[in-house]
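Architecture and fold: a report
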Amino acid sequence: MWRYTAKRLIQGVITVWFIATATFAAMHMVPGDPLASEKAVSAEIRANLEAKYGLDKPVFQQYLIYLGNLARGDFGISFTQKNREVNDIIREHFPVSATLGLLAVTFAGLGGVLWGALTALYRNRLPDIIIMFLVILGISVPSFVVAAISQLGLVNLNNLLGFNVLPVGGWGTVSHMIVPALVLGLSTMAYLTRLMRSSMLEIINSDFVRTAKAKGLPPTRIFTKHQLRNAVLPVITVLGPAIAAITTGGFVVELVFAIPGLGRYFVEAVQQLDYTVIMGTTVFYGAFLVFMVIAVDVVYGLIDPRVRLD
Amino acid sequence: MAEQSFSADAFEPLHVEQHKQVLSRPSLSYWEDAWIRLKNNRRALISLYIVIALLAFTLIGPLVWQIDPSVQDLDQVSQPPWADRRATVVEPYTPWRGETLDSPGSGLRTAQPANTQAVRLIWDVDATAEGGYRIYRNIFPIGPEKAYGLPLGEQFSPDETWFEDRLDLKARGYYYTVVPLDARYQESGEGETLYVEVHNAITAQGAVKRGLIEDAAAVREGDAIKLALHPLGTDYLGRDLLSRLMHGARVSLFIGIVAPFLYVLLGVGYGATAGFLGSRADAVMMRFADFVVALPFLLFMILFKIMFGIGPGESGIMPMLIAMVILSWPATSRLVRGQILQIREEGYIGASRLLGAKTNYLVLRHMIPNTMGVILVTLTFAVPSAIFTEAFLSFIGMGVAPPTPSWGSMCNEGIKTMLSTPHELIFPALFISITVLAFNLLGDGLRDALDARMRSRE
Amino acid sequence: MSSDKLLSVENLAVEFDTYGGTVQAVRDVSFAVDAGETLAVVGESGCGKSVTVQSVMGLIPMPPGRITSGTAKLRGRNILGNPIVGGEDIRGAEIGMIFQDPMTSLNPTMNIGDQIAETLEVHRGFTAKQAFNRAVELLEMVRIPEAAKRAKQYPFEFSGGMLQRAMIATAIACEPAVLIADEPTTALDVTIQAQILDLMNDLKRDTNMAIILITHDLGVVARMADEVAVMYAGQIVEKGAVDDVFYRSAHPYTLGLRAAMPVNDREAEHRLTPIDGSPPDLFHPPKGCGYCARCPAAMKVCNDVVPPEFAMSDTTDHFSRCFLQHPESSAVRLDGLYRKEVSA
């Protein structure tokens, strides 16, 4: 297990290096190379940038300086704002995004497993048909539409009742988190429900569940110890990509619900063409996702004994 | 067991063609079989019809509904499809200096019929209103929070008990509130609220200019004429939504179909090459694919757009297409490589080779037909995700930018006026959802029909 | 019939609703087995062997499955369709069952010891620790070396033969009166097969349990069984003591099976003769004898009337569902039916 984890971590570091290199290359391929040219930036920022990125040096040396900074965990400084470091931005805004994302992943995971198991057990009966209809809807409606509609609904609900049931936007308290997290997790939950349902159906018809029945075990025990535990495995394997989907989906939800998260900050940085912040956050997000996927794989190894000895 | 009696010849030998095995069903080719399965899947078949209808909507629609998607109909801005299109012909606008009707005590009321040319309000003198009055307008009922809405203006004398509203009037209901002001021009006391139903109005000259009537002399004041038809209403600039949806579909479906087609093609080529070469080349190629998979997709889509030198607010359909192809091929290549490796080991390939089949024959006769199903299914599922990506990017302003319509950018515009005119968001959102739904269900159906190994248990 | 036996099944009929129509998988099947006895049920794939025992165990998914008639009595109490008797599930406690493919029949994410132990926890009220210790003993009993260590391992760390031993250990954990083995050796190597069969024989001798053995391997039958029931198209077409059925076969299908079986005898100029054709479509079971279409000795009556059970002697239970045993039928020499090519 330790060897497996170590191997995955080394692979992860190489992958992050690749992401950083691709980001660096992409940024230097921008026509007119904004980092090299004297684009609309104040002299003070210009000096900072030069010191930080070695802009007066050849490109390859810039690349090495850039990698060196990254290796020290330094994601750079802002291109448009004075004295603004990407690390500060991340420190300030990422916890918000992470909280929102974590809530959404929890909601999507638990919901997906629960609904998936339920639909499989009630296969082709009313609960199955209703939930699967909603699932198809959840997969087909874009997240920003769900966000907008839920906000619209919330506004009308608050108007109707004459007081604020839940806030329509903003951040700060738990009440601010509920609706955005639900919206953010919805499509992932729909996807996981589908996955869980088909996995559960396969398990229900599997030989070892038949064995468990032949052993005369009570249905609840068969469900928890034999069906659920095995059916949940494919759901765990896709949690990595699901976390990635939820992270980027967060951009829209943060935008619509006016949540001061890193996603919204990234979109703003893009709109202001803050090249260095875009570079820094891209690499940060990339690294975050790579290590989340590894974390999910390691957790999977703990649950499925077959992976442990790899 | 009771003894039965049998006829005399019961125990004679039976001479029929008893040992012949009869084929009970005609033999079907893979594609014939798949088509029959698909035809029997009602959901998939309906989805197929929806996809065909969407293509017709995109390609034939603009020929039938020839309204220019960028022309603004200023008489009908942000009108929902169910809006009343009747307009009353009115005199050209003449300024109004207020009037005092001699029926005090009847409160806040309209002085003349309210129409989109102007809403003219009068009310009773309030002796306490030393500073005059402030007039508000809201499209929602005034709740207990006293949200009066948009402040329209003030009258600074208690005797000036009239107000004319000409601000961006639509044919709909408004809640007007008049609040008295004290000597320091602070709001004092309760406001008085009036609900006013505003109707369309148009001058005869205006109607001629819009092409609604031939001759200004043909109509008189008070006549009703119909404004231009917008089956799905108009957006915040008065542009026809149906026409914009049709033209937007060109962008959305172009990206949604062409991008997956290209990257699936690239993925198939790459994956098949890796699968054929095997060993070292395969390992290197697949490791590279793993790296590309690890790139955060949407961030790199944005990065690519910047890389092409297209700033925010500028349209970049081609860069979006290229970026999508560059970033999305690995999943298909991995799938195809796996298929090729698996098929290579299958017994029938060995048997075919043993019978002297050449590589070309093996590829054409066995490998391609056996991966076709998987590729087709991948392609179908790739369409909704590409449509989502376009919509997502356009929504955050990093995809297709105005004035080019796309479903995503229409949603982006619609969300700004979501609270007052939800139809501007709902229609493009509905089109995205229906398209994605149809392709998803069609993909499910194709998977069930084409590939027994991927067949979902439903 | 012999309802005083340990386990007796009478007039069992099972149907399945499928998209193609209703399949009559089991049609009027009766058999019984006593303590210390082994009954073998033989027949080719799809003839209803597994469905028969699975419906006794209540393992048929319902729907689409449906038991339309019959009884199954364990010590005189009906267990059919309601395997939970007196508040306690007889499955696992009174009847143990092992399956064909040990690789897929054990839970991949639970260690072997726990899978054996949970039966004891549920039926015997053992604590987790007691049950696990007993599981180790059981693994020793089925001759798994280093049982204590092995009990903590997972199915993927076991070989097929070892898994089948573990399955047997699970099935006999609660010392059941009946062990049902559904093709227990089909998925295993021949040498492992022999070991598993020996193990089952030894366990039968030691615990005096009854065994119902389902197989399509006549070699296994010869080695294990006291009684044999030959199934074809959902019916038992011949049943009797193993020697009667083997050496005094009274049904053309039994003869066909024998002719298709290799024999270990160099002297005999014996050629393997397959049975032509395939079993009938059970969506529309034939009006008469199910074997009629493939039978070289078919008569006109066979096509129209389902043959009843013809007793072969007054002293044994040996019977055959074949009109050739009817007193009016012209005496066709059954022995020659499948030996034409050789004798010619």
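Residues numbered from 1 in each chain as written. Chains lettered and ligands numbered in written order. Predicted model: local features only at pLDDT ≥ 70, side-chain atom pairs only at ≥ 80, totals over all residues. Heavy atoms only, no water.

Scanning chain C for helices and strands turns up eleven helices and 14 strands. Burial statistics for chain C: of 344 residues in total, 55% are counted as buried. Within chain C, counting contacts between residues at least 6 apart in sequence, those at least 24 apart form 64% of the total. Accessible area for chain C stands at about 14500 Å²; split by element, carbon and sulfur atoms hold 49% of it. (Helix = DSSP H or I, 4+ residues; strand = E, 2+ residues; numbered from the N terminus. Buried < 20%, exposed > 50% of the residue type's maximum accessible area, 1.4 Å probe, protein only. Contact = heavy atoms within 4.5 Å. Areas by Shrake-Rupley, 256 points an atom, 1.4 Å probe, with all protein chains shown as cover.)

It is worth spelling out the interface of chain B and chain A at this point. Contacts between the two partners involve 42 residues from chain B, matched on the other side by 49 residues from chain A. Note on chain B versus chain A: buried area summed over both sides is about 4000 Å², and carbon and sulfur give 79% of it. Counting every contact that joins chain B to chain A gives one salt bridge. The residue Asp444(B) makes a salt bridge to Arg194(A) at a minimum N-O spacing of 2.8 Å. Inspection of the chain B/chain A interface yields one residue pair in polar contact (both at pLDDT 80 or more). Considering every element that reaches the side of chain B that touches chain A, the biggest residue donor is helix H12 (residues 423–450) of chain B, with ten residues. Classifying every residue of the side of chain B that touches chain A gives 33 nonpolar, three polar and six charged. (Buried area = accessible area lost by both parts, 1.4 Å probe. Salt bridge = Lys/Arg side-chain N within 4 Å of Asp/Glu carboxyl O. Polar contact = N/O pair within 3.5 Å; in protein donor to acceptor, adjacent residues only side chain to side chain. Nonpolar A, V, L, I, M, F, W, Y, C, P; charged D, E, K, R; others polar.)

When pLDDT is averaged along chain A, the result is 83; 95% of the residues meet or exceed 70. Mean pLDDT in chain A bottoms out at helix H13 (residues 305–308) of chain A, which sits at 69, and peaks at helix H4 (residues 86–121) of chain A, which reaches 90. (pLDDT = per-residue confidence, 0-100.)

Before going further, it helps to examine helix H6 (residues 190–207) of chain C. Residue and element names in this part refer to chain C. Counted at 1.5 Å a residue, the expected span for H6 with its 18 residues is 26 Å, and the 26 Å between its end C-alpha atoms agrees. Residues Gln-193, Ile-196, Leu-197, Leu-199, Met-200, Leu-203 and Lys-204 constitute the buried set of H6. The buried residues of H6 occupy one face: seen down the axis, they fall within an arc of 155 degrees. Every exposed residue of H6 that faces more than 90 degrees away from the buried side is listed here: Thr-191, Arg-205 and Asp-206. Backbone geometry just downstream of H6 places Asn-208 in the positive-phi region, at approximately 60 degrees. (Expected span 1.5 Å × (residues − 1). Arc of directions from axis to C-beta.)

Let's shift gears to a nonpolar patch on the surface. Together, Leu55(B), Leu59(B), Ile60(B), Leu63(B), Val64(B) and Ile257(B) give the surface a local cluster of nonpolar side chains, amounting to about 570 Å² of exposed area. With respect to the helices and strands, Ile257(B) occurs in helix H5 (residues 241–277). (Patch = residues over 30% accessible without salt bridge, like charges linked within 9 Å, V, L, I, M, F, W, Y side chains within 5 Å.)

If you want to describe how two helices pack, look at the angle between their axes and the distance between the axes. Residue and element names in this part refer to chain B. Two elements in contact, H5 and helix H6 (residues 279–294), have axes whose closest approach is 7 Å; the angle formed by their N-to-C orientations is 150 degrees. When the axes of H5 and H6 are compared, the pair comes out roughly antiparallel. Listed contacts from H6 to Tyr-270, Thr-273, Ala-274, Gly-275 and Leu-277 of H5 are Ser-279, Ala-281, Asp-282, Met-285, Met-286, Phe-288 and Ala-289. Split by residue class, the contact of H5 with H6 holds eight nonpolar, three polar and one charged. (Axes fitted to C-alpha atoms, helices over the stretch in contact; angles between N-to-C directions. Parallel < 35°, antiparallel > 145°, perpendicular 65-115°, else oblique.)

All names here are of chain B. Strand order in the open sheet made by the three strands is E9-E1-E10, with mixed pairing throughout. Strand pairing shows two members of the sheet lacking a second neighbour, strand E9 (200–203) and strand E10 (224–226), which therefore form its edges. On average, each strand axis in the sheet is inclined to that of its neighbour by 45 degrees, with strand direction left out of account. Pairing analysis gives three bridges linking strand E1 (residues 86–90) to E10, with the strands arranged antiparallel. Paired with Arg-86 across the two strands is Lys-226, which belongs to E10. (Pairing = 2+ DSSP bridges.)

With that settled, the discussion passes to the confidence of the model for chain C. All names here are of chain C. On average, residues of chain C score 81 in pLDDT, and 89% of them reach the 70 mark or higher. Taken together, the stretch residues 340–344 has pLDDT below 50 and engages in five contacts with residues farther than four places along the chain or on a different chain. As scored by the predictor, the complex reaches a pTM of 0.78 and an ipTM of 0.83.

What follows covers the interface of chain A and chain C. At the junction of the two partners, chain A supplies 22 residues and chain C supplies 28 residues. At the boundary of chain A with chain C, total buried surface from both sides reaches about 2100 Å², with 57% on carbon and sulfur atoms. Among the residues of chain A in contact with chain C, Arg210(A), Ala214(A) and Lys215(A) are the three that bury the most area, contributing 28% of the side total. Summed over the shared surface of chain A and chain C, the number is three salt bridges. Glu118(C) serves as the salt-bridge partner of Arg221(A), at 2.9 Å between the closest nitrogen and oxygen.

All names here are of chain A. For Lys-57, the location among the structural elements is in the loop between helix H2 (43–53) and helix H3 (59–71). Using a relative accessible area of 36% as the deciding quantity, one classes Lys-57 as partly exposed. For the pair Lys-57 and Gln-81, spaced 24 residues apart in the sequence, the C-alpha separation amounts to 23 Å. Those residues in contact with Lys-57 that sit more than four places away from it in its chain are Gln-62 and Ile-65.

This part is about unusual backbone geometry. Of note, the phi angle at Tyr185(B) is positive, near 60 degrees, even though the residue is not glycine. Position of Tyr185(B) among the secondary structure elements: in the loop between strand E7 (173–181) and strand E8 (192–197). Of note, the phi angle at Glu146(C) is positive, near 50 degrees, even though the residue is not glycine. Its place among the elements puts Glu146(C) in the loop between helix H3 (128–141) and helix H4 (147–150).

Summed over the entire model, instances satisfying the criterion amount to 37 salt bridges over all chains. When the shortest N-O distance is used, the salt bridge between Arg120(B) and Glu164(B) registers 2.9 Å. Here Glu164(B) lies in strand E6 (residues 162–165) and Arg120(B) lies in strand E3 (residues 119–122), a separation of 44 residues in the sequence. An identical accessibility class is assigned to Arg120(B) and Glu164(B); each is buried. Asp282(B) is the partner of Arg337(B) in a salt bridge, and the nearest nitrogen-oxygen pair spans 2.5 Å. Pair noted here: Arg337(B) is in helix H8 (residues 317–345) and Asp282(B) is in helix H6, with a separation of 55 residues, a long-range link. Taking the relative accessible area as the measure of exposure, Asp282(B) reaches 7% and is therefore buried. Bridged by salt links that share partners, the residues Lys215(A), Arg221(A), Glu118(C) and Glu121(C) form one connected network.

Next up on the list: the packing of aromatic side chains. By convention here, two paired aromatic rings are described through the distance between centres and the angle between planes. The tally for this structure, following the rule as stated, stands at 26 aromatic pairs over all chains. Ring geometry for Phe251(A) and Phe266(A): centres 5.5 Å apart, planes at 45 degrees, overall tilted. Here Phe251(A), found in helix H10 (residues 239–256), pairs with Phe266(A), found in helix H11 (residues 262–271); they are 15 residues apart in sequence, far enough to count as distant. Look at Phe251(A) and you get buried, because its relative accessible area is 0%. Between Tyr253(C) and Tyr291(C) the ring centres are 5.3 Å apart and the planes differ by 65 degrees, which places this aromatic pair in the edge-to-face class. (Phe/Tyr/Trp six-rings, centres within 6.5 Å; stacked < 30°, edge-to-face > 60°.)

This part is about the sheet that holds strand E2 (residues 109–110) of chain B. Pairing is antiparallel across the open sheet formed by three strands, whose spatial order is E2-E3-E6 (chain B). Bordering the open sheet on either side are E2 and E6 of chain B, each of which pairs with just one other strand.

What follows concerns the environment of Ala151(C). Of note, Ala151(C) is situated in the loop between H4 and helix H5 (160–172). Look at Ala151(C) and you get buried, because its relative accessible area is 0%.

It is worth spelling out the side chain of Glu118(C) at this point. Tracing the sequence through the fold places Glu118(C) in helix H2 (residues 112–124). Residues within four places of Glu118(C) in sequence aside, it is in contact with Lys215(A), Leu217(A), Arg221(A), His226(A) and Met110(C).

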